[in-house]
Number of protein chains: 2
Amino acid sequence: MTDTTFGHLTEETLALFTDLYELRMMQAAFNQGHNPNATFSLFVRDLPKNRGYAVAAGLEQAIQYVETLEFGERALAFLTEQGFDEGFLEHLADFEFSGEIRALPEGTPVFANEPLLEVTAPLLEAQLLETALINQVGYQSLIATKASRMRDVIDRRGDDQRLVDFGSRRAHGTDAGIKAARAAYVGGFDATSNVAAGEAFGVPVSGTMAHSWVQSFERERESFETFVDEYGDESVLLIDTYDTVRGAEIARDVAAASGVDLAGVRLDSGDLAALSRDVDEIIPDVDKSISSGIDEYAIADFFERDGVADGFGPGTALVTSTDAPAVEGVYKLVAVERDGEMRPTMKLSAGKVTYPGAKSVRRTESDGRYAGDVLGLCEEDCPGTELLVTVLEDGERVVDLPALETIRERARERRRKLPERHRRIDDPDPYEVRISDGLQRSTEDLRETLESRVAADSSGDGA
Amino acid sequence: MTDTTFGHLTEETLALFTDLYELRMMQAAFNQGHNPNATFSLFVRDLPKNRGYAVAAGLEQAIQYVETLEFGERALAFLTEQGFDEGFLEHLADFEFSGEIRALPEGTPVFANEPLLEVTAPLLEAQLLETALINQVGYQSLIATKASRMRDVIDRRGDDQRLVDFGSRRAHGTDAGIKAARAAYVGGFDATSNVAAGEAFGVPVSGTMAHSWVQSFERERESFETFVDEYGDESVLLIDTYDTVRGAEIARDVAAASGVDLAGVRLDSGDLAALSRDVDEIIPDVDKSISSGIDEYAIADFFERDGVADGFGPGTALVTSTDAPAVEGVYKLVAVERDGEMRPTMKLSAGKVTYPGAKSVRRTESDGRYAGDVLGLCEEDCPGTELLVTVLEDGERVVDLPALETIRERARERRRKLPERHRRIDDPDPYEVRISDGLQRSTEDLRETLESRVAADSSGDGA
């Protein structure tokens with residue numbers, strides 16, 4: 001196949017996954033000799049709707065992107081066509097990230113304004129990473145959060161139903177399909193239906209049967225018999241193709257006739273709570289999976305209506321986070337070197353003000369529960385445990401990437417440490433993130449300076 | 001880089017982008033000698049919320065997927081680990097699609113229940129394609145539709161503002177970033193900021209500057225001067241970092257002092273309609289781009305409030321189709337060979353009934369406008385022009401893939417042929433898709449047959 005036309009990125013084109021303006025700014029900076037050290041902060045201004053927390057995820061892929069980013073022949077050829085200078089392209093041909101990255105470990109609950117990542121490097125290098133970093137960390141955090149909410153609804157009941165990602169077909173492209181499986185696992189899922197995600201990340205894969213299997217036989221009974229003949233005790237039968245209750249009866253009869261203990265049945269339509277009870281009367285000892293329209297709200301409703309389930313298979317709502325389909329990550333310049341010193345910087349744009357300076361995120365605890373964060377300046381001594389960890393230094397990785405199981409376990413522990421009022425799926429209480437005195441002061445001072453500079457500039461005095 | 005860990009698909013792993021159940025069903029079918037010819041239909045049961053039409057897109061990538069799909073060593077090694085049989089894996093090693101695909105040409109308005117694709121092939125082959133086909137066609141159709149709505153709001157005013165996709169960073173993964181750019185172009189966008197999409201599909205790329213550029217200088221004026229020094233008349237300046245009106249004044253002064261005609265300015269925050277008027281008074285002759293929270297509703301509102309713009313840069317709302325983030329594509333078995341004949345098949349699942357049989361989609365016109373479709377059986381003679389085109393036969397492509405420009409032009413023409421009441425962005429009138437008499441009869445007959453079979457099966461008579 002030609003990767004180009006299908007549009008998948010390869011090693012050869014990954015570097016082009018960036019907004020043109022990054023390269024245009026880089027070229028201007030390069031040619032104009034404007035390459036101060038800079039710190040960019042990746043964060044969200046607001047959590048998505050109805051979210052009391054988000055779960056940081058995607059750091060591993062973000063690091064791998066940074067570590068492997070290079071401009072090969074194919075990328076450079078395209079940039080030549082786009083009119084970039086030869087001198088700049090020679091510089092790109094030697095591109096290698098040489099800076100530092102601090103980050104929140106994956107699986108950590110994160111709140112508005114707290115950096116998920118901070119990148120400190122020469123401006124040209126740090127700028128280039130924006131598009132891909134937001135894309136990868138934003139999407140995985142979105143899905144880990146959605147998954148965490150579903151797991152939490154189950155967990156708080158003291159239950160432990162299986163959660164399996166069925167969303168690949170409805171994910172936004174193939175990368176989302178695979179990354180959703182990973183992020184959902186981080187957030188507390190048990191498996192995915194996506195085989196490629198199993199291969200890429202070691203997420204357990206799981207699968208049952210589709211309606212097409214049943215329909216491809218003249219009789220439902222025959223379709224079950226054939227499947228059971230093939231898979232024996234491993235068989236999971238989909239019983240709602242024609243009539244769920246009758247499907248359950250046929251499944252029971254086929255199992256009995258063949259002497260097989262079914263691994264399970266799946267219900268995929270109708271009034272799932274009511275039907276699950278009916279099915280439970282027919283085959284009480286058989287594992288029951290529920291799919292179709294499953295999200296945290298549907299799970300809560302299912303239990304409220306006394307549904308009986310051993311597992312759920314969320315699809316569209318998981319992988320698109322339907323009720324809030326974006327974590328609006330931004331990547332903002334917060335400090336820049338001038339006269340040999342890192343100086344804080346910020347925008348004043350209406351509704352889009354950012355806090356200046358490289359940050360510290362401290363989390364406090366009380367009785368084993370999270371009791372508020374302090375967002376401060378890097379050099380400030382704030383109470384609580386620092387959450388940001390240095391992952392790259394001088395372009396080299398300085399930590400081992402944890403196993404996915406470790407991240408998943410960390411996510412579970414940290415979710416449980418968050419008081420339940422912040423975990424409600426509707427209208428959660430906001431978690432306190434206090435702006436430190438130092439950061440507050442720095443923000444106010446900088447605002448004054450910037451306002452007076454802009455006033456001077458626009459009246460012509462500043463030239 | 002290792003493609004595995006970053007999780008991008010490559011030629012080697014593309015075949016694994018499928019749900020495990022497809023492979024489990026295939027293995028059972030293979031071992032049990034159950035491989036009749038089958039027809040699957042890819043369609044949506046309902047259009048997304050507030051959509052009067054959808055725009056078919058993604059066929060080119062779907063075809064490329066089918067044509068290039070193969071199981072290489074790495075894919076087979078993983079499936080061996082997952083416990084698949086040697087005999088079945090040998091069969092997969094020889095996999096090559098040998099069937100037929102009929103499809104709606106990209107850029108065509110499509111409605112609920114109308115096939116976007118129909119695949120006819122031996123069951124094992126047709127089944128495998130489900131996950132990736134829905135994924136690719138579903139996402140691109142979702143985004144082409146969203147883009148078409150934005151273009152239509154502008155078009156119906158007799159305007160022609162530029163629409164540039166700024167969404168890559170908020171897209172769900174990298175594949176979505178690139179495919180969104182292509183689909184948006186099909187739907188009527190002019191360009192994308194995503195460089196990789198330019199390289200992969202020839203979508204024009206476009207870019208301005210970010211706030212970080214402005215902030216990286218001590219003074220906004222200096223940042224503009226440096227950029228203008230580099231790019232001259234090609235400079236587009238972002239003017240809202242500190243104060244939009246003052247930014248416009250500084251841009252004007254910098255341009256005048258350097259004798260440059262600015263290519264444009266961009267506004268990215270605040271009351272965009274009001275600020276655009278203020279800016280227009282300061283620099284009436286300079287091109288104005290508007291970004292931040294742009295979608296079809298925001299564009300309509302912007303014009304209603306007398307905003308002045310030459311272009312818009314939608315981001316998150318475009319690439320996630322925020323108000324309706326999924327086209328819920330399904331891939332249903334509609335016919336299967338029995339005793340040498342293709343027999344219609346359908347599900348009866350509550351709320352998920354499908355129409356049986358391979359389909360014909362006929363579109364009628366009146367006064368050059370679309371006047372209703374007829375969804376019929378393939379062999380039926382219905383009024384109107386047949387929309388489904390055979391694209392693959394015996395596994396070989398039998399049509400030339402049109403250029404992206406051709407698809408875009410087709411999308412524009414066909415959108416304009418749809419009466420405006422179906423194009424309203426809120427509460428559009430539903431477009432009539434009549435179910436043909438033949439299809440109606442076939443559906444009713446089959447339902448009766450299936451109901452009696454299931455009743456017989458579950459009472460044990462059918463065994």
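Reading the values: rules and limits
- Residues numbered from 1 in each chain as written.
- Chains lettered and ligands numbered in written order.
- Predicted model: local features only at pLDDT ≥ 70, side-chain atom pairs only at ≥ 80, totals over all residues.
- Heavy atoms only, no water.
- Least-squares fit on C-alpha atoms with pLDDT ≥ 70 in both.
- Contact = heavy atoms within 4.5 Å.
- Pairing = 2+ DSSP bridges.
- Helix = DSSP H or I, 4+ residues; strand = E, 2+ residues; numbered from the N terminus.
- UniProt positions renumbered as here; feature names shortened; annotations may be inferred.
- Domains from an automatic or database assignment.
- Axes fitted to C-alpha atoms, helices over the stretch in contact; angles between N-to-C directions.
- Parallel < 35°, antiparallel > 145°, perpendicular 65-115°, else oblique.
- Left-handed = near helix turned anticlockwise from the far one by under 90°.
- Nonpolar A, V, L, I, M, F, W, Y, C, P; charged D, E, K, R; others polar.
- Salt bridge = Lys/Arg side-chain N within 4 Å of Asp/Glu carboxyl O.
- Buried < 20%, exposed > 50% of the residue type's maximum accessible area, 1.4 Å probe, protein only.
- Lys, Arg positive; Asp, Glu negative; His and termini not counted.
- Buried area = accessible area lost by both parts, 1.4 Å probe.
- Polar contact = N/O pair within 3.5 Å; in protein donor to acceptor, adjacent residues only side chain to side chain.

Asker: Before we move on, can you summarise the relation of the copies chain A and chain B with the specific residues and values?
Answerer: For the pair chain A and chain B, the best superposition has an RMSD of 0.0 Å and corresponds to a rotation of 180° with a translation of 0.0 Å parallel to the axis. A rotation of that kind, with that shift, is consistent with a two-fold axis. Comparing contact sets, 100% of the residues at the interface of chain A also lie at the interface in chain B, consistent with an isologous, same-surface contact.

Asker: Go over the sheet that holds strand β9 (residues 264-267) of chain A, please, and point to the residues and values.
Answerer: Residues and elements named next belong to chain A. An order of β7-β6-β11-β10-β9-β8 is seen for the six strands of this open sheet, with the pairing classed as parallel. The sheet terminates laterally at β7 (191-192) and β8 (236-238), the two strands that pair on one side only. Inspection of the sheet shows strand β10 (residues 288-291) paired to strand β11 (residues 311-313) by three bridges, in the parallel sense. Paired with Ser291 across the bridge in β11 is Gly313.

Asker: How would you sum up the UniProt feature "domain: Nicotinate phosphoribosyltransferase N-terminal" (unreviewed entry) in chain A? Please name residues and give values.
Answerer: Per the UniProt record, "domain: Nicotinate phosphoribosyltransferase N-terminal" (unreviewed entry) is annotated on residues 16-137 of chain A. Overall, residues 16-137 of chain A shows 43% helix and 18% strand. The separation of its end C-alpha atoms is 18 Å.

Asker: Describe the domain arrangement of chain A, naming the residues involved and giving the relevant values.
Answerer: In terms of domain boundaries, chain A breaks down into domain 1 (3-143 + 326-345 + 384-431) and domain 2 (208-292). Of note, the centres of domain 1 of chain A and domain 2 of chain A, computed from C-alpha atoms alone, are 46 Å apart.

Asker: Which residues make up the packing of helix α3 (residues 59-68) of chain A against helix α7 (residues 130-156) of chain A, and what are the values?
Answerer: Residue and element names in this part refer to chain A. Across the interface, α3 lies against α7 with an axial gap of 9 Å and an inter-helix angle of 165°. In terms of axis orientation, α3 runs roughly antiparallel to α7. By crossing handedness, the relation of α3 to α7 is classed as right-handed. Between α3 and α7, the contacting residues are Gln61, Ala62, Tyr65 and Val66 on the first element and Ala132, Leu133, Gln136, Val137 and Gln140 on the second. Classifying every residue of the contact of α3 with α7 by side-chain character gives six nonpolar, three polar and no charged.

Asker: Explain unusual backbone geometry residue by residue, including any values.
Answerer: Residues other than glycine seldom take positive phi values, yet A:Ser321 does so here, at roughly 45°. Tracing the chain through its elements places A:Ser321 in the loop between α15 (316-319) and β12 (329-338).

Asker: Help me get a handle on the pattern of salt bridges, residues and values and all.
Answerer: Enumeration over the complete set of coordinates arrives at 82 salt bridges over all chains. B:Asp19 serves as the salt-bridge partner of A:Arg169, at 3.0 Å between the closest nitrogen and oxygen. Of this pair, A:Arg169 sits in the loop between β6 (162-165) and α8 (173-187) while B:Asp19 sits in the loop between α1 (3-6) and α2 (20-31), on two different chains. Here the salt bridges do not stand alone but share partners, grouping A:Asp152, A:Asp155, A:Arg156, A:Arg415, A:Arg416 and A:Arg423 into one network.

Asker: Could you give an account of the pairing of strand β5 (residues 117-122) of chain A, with specific residues and numbers?
Answerer: Each regular strand shows side chains that alternate between the opposite faces of the sheet. Residues and elements named next belong to chain A. Buried residues dominate β5, accounting for five of its six residues. Pairing of strand β1 (residues 37-44) with β5, which is carried by six bridges, proceeds in the antiparallel orientation. Following the sheet pairing, Leu42 is matched in β5 by Leu117.

Asker: Can you explain the side chain of B:Arg410? Please cite residues and give values.
Answerer: Residue and element names in this part refer to chain B. As for its position among the elements, Arg410 is in helix α16 (residues 404-417). Of the side chains bearing the opposite charge, Glu106 lies closest to the buried Arg410, which forms no salt bridge; the N-O distance is 6.6 Å. Apart from residues lying up to four places away in sequence, Arg410 is in contact with Pro105, Glu106, Gly107, Thr108 and Pro402.

Asker: Quick one: what's the story with the interface of chain A and chain B, residue by residue and with numbers?
Answerer: If you look at the interface, chain A gives 133 residues, while chain B gives 133 residues. When chain A packs against chain B, the two sides together hide about 11,900 Å² of surface, and 56% of this comes from carbon and sulfur. Where chain A meets chain B, there are 16 salt bridges. Residue B:Arg219 pairs with A:Asp457 through a salt bridge whose shortest N-O separation is 3.0 Å. Connecting chain A to chain B are 75 residue pairs in polar contact (both at pLDDT 80 or more). It is helix α2 (residues 20-31) of chain A that contributes the most residues to the side of chain A that touches chain B, ten residues altogether. Across the side of chain A that touches chain B, the residue classes break down as 51 nonpolar, 47 polar and 35 charged.

Asker: Talk me through the sheet that holds strand β16 (residues 385-386) of chain A; I want residue IDs and the actual numbers.
Answerer: Hydrogen bonding along the main chain pairs the strands of a sheet, whether they run parallel or antiparallel. Residue and element names in this part refer to chain A. Ordered by their spatial adjacency, four strands build an open sheet running β16-β14-β15-β19, and the pairing between neighbours is mixed. At either margin of the open sheet sits one strand with a lone partner, and together these are β16 and β19 (433-435). Strand direction decides the pairing type here: strand β14 (residues 359-366) and β16, joined by two bridges, are antiparallel. Counterpart to Arg362 in the pairing with β16 is Glu386.

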